[in-house]
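Single-letter residue listing:
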Amino acid sequence: MTNENKTPSIFKMIANFARASAQYVAAGMPSVTPEQYEKRIKACHECPNLVEKSNQCGLCGCYVENKASWRTSNCPDSPSRWDKIVVGESGKPIDLKK
């Protein structure tokens, strides 16, 4: 599905990206599995909020290929179109103070 609507303002997109980036870096930059990524991308491409021309989420302005790969990211739609992933649910803790 496509959405011809515009993305949020540049200021809102910068704020969204800054917040998402801070969470991603603070968690140790964890990525989703290839299966989780494919499921997220499929959900985005079926979403009516996708701005297909730029491949951006019409709700937050993020580029879906990038946002979908970050384990700390969530779908901004309500209800979320992505399965909830808890960072640290599998794997070992990462010590960033080496």
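Our structure is the block above this text.
Now for a look at the structure at hand. Just so it is clear, the structure is predicted and the values come from calculations on it, not from any experiment. (Residues numbered from 1 in each chain as written. Predicted model: local features only at pLDDT ≥ 70, side-chain atom pairs only at ≥ 80, totals over all residues. Heavy atoms only, no water.)

### Focus on the overall build of the protein chain
For step 1, the next point in the chain: Helices and strands together make up the secondary structure of the protein chain, namely three helices and two strands.
For step 2, the next point in the chain: Sequence separation of 24 or more characterises 64% of the internal contacts of the protein chain that already satisfy a separation of 6 or more.
For step 3, the next point in the chain: Roughly 6,800 Å² of accessible area belongs to the protein chain as shown, and the carbon and sulfur atoms make up 58% of that amount. (Helix = DSSP H or I, 4+ residues; strand = E, 2+ residues; numbered from the N terminus. Contact = heavy atoms within 4.5 Å. Areas by Shrake-Rupley, 256 points an atom, 1.4 Å probe, with all protein chains shown as cover.)

### A closer look at the packing of aromatic side chains
Where two aromatic rings form a pair, the distance of their centres and the angle of their planes describe that pair.
For step 1, the next point in the chain: Summed over the entire model, instances satisfying the criterion amount to two aromatic pairs.
For step 2, the next point in the chain: Arranged with centres 6.1 Å apart and planes meeting at 40 degrees, the rings of Phe 17 and Trp 70 form a pair that is tilted. One end of the pair, Phe 17, is in helix α1 (residues 10-26); the other, Trp 70, is in the segment after α3 (64-67), and 53 residues separate them in sequence.
For step 3, the next point in the chain: Residue classification places Trp 70 among the buried residues on the basis of a relative accessible area of 15%.
For step 4, the next point in the chain: Their ring planes at 5 degrees and their centres at 4.1 Å tell us that Tyr 24 and Trp 70 sit as a pair that is stacked. Of this pair, Tyr 24 sits in helix α1 while Trp 70 is found in the segment after α3, placing the two residues 46 residues apart along the sequence.
For step 5, the next point in the chain: Put simply, the rings of Phe 17, Tyr 24 and Trp 70 pair up and form one aromatic cluster. (Phe/Tyr/Trp six-rings, centres within 6.5 Å; stacked < 30°, edge-to-face > 60°. Buried < 20%, exposed > 50% of the residue type's maximum accessible area, 1.4 Å probe, protein only.)

### Overview of the nonpolar core
Most often, soluble globular proteins keep nonpolar side chains buried together rather than apart.
For step 1, the next point in the chain: The biggest cluster of nonpolar side chains holds 11 residues, and these are Ile 41, Ala 43, Cys 44, Leu 50, Cys 57, Cys 60, Cys 62, Val 64, Ala 68, Cys 75 and Trp 82.
For step 2, the next point in the chain: Among residues more than four places away in sequence, those in contact with Cys 60 are Pro 8, Met 13, Asn 16, Lys 67 and Pro 76. (Core = buried A, V, L, I, M, F, W, Y, C linked by side-chain atoms within 4.5 Å.)

### Digging into the pattern of salt bridges
For step 1, the next point in the chain: Counting across every chain of the model gives three salt bridges.
For step 2, the next point in the chain: The residue Lys 42 makes a salt bridge to Glu 46 at a minimum N-O spacing of 3.1 Å.
For step 3, the next point in the chain: Arg 81 is the partner of Asp 77 in a salt bridge, and the nearest nitrogen-oxygen pair spans 2.7 Å.
For step 4, the next point in the chain: A relative accessible area of 16% means that Asp 77 is categorised as buried.
For step 5, the next point in the chain: Given a relative accessible area of 38%, Arg 81 falls into the partly exposed group. (Salt bridge = Lys/Arg side-chain N within 4 Å of Asp/Glu carboxyl O.)

### Points about a nonpolar patch on the surface
For step 1, the next point in the chain: A cluster of nonpolar side chains, namely Ile 10, Phe 11 and Ile 14, defines an oily patch on the protein surface of about 360 Å² accessible area.
For step 2, the next point in the chain: Take Phe 11: it is sitting in helix α1.
For step 3, the next point in the chain: Overall, Phe 11 belongs to the exposed group, its relative accessible area being 68%. (Patch = residues over 30% accessible without salt bridge, like charges linked within 9 Å, V, L, I, M, F, W, Y side chains within 5 Å.)

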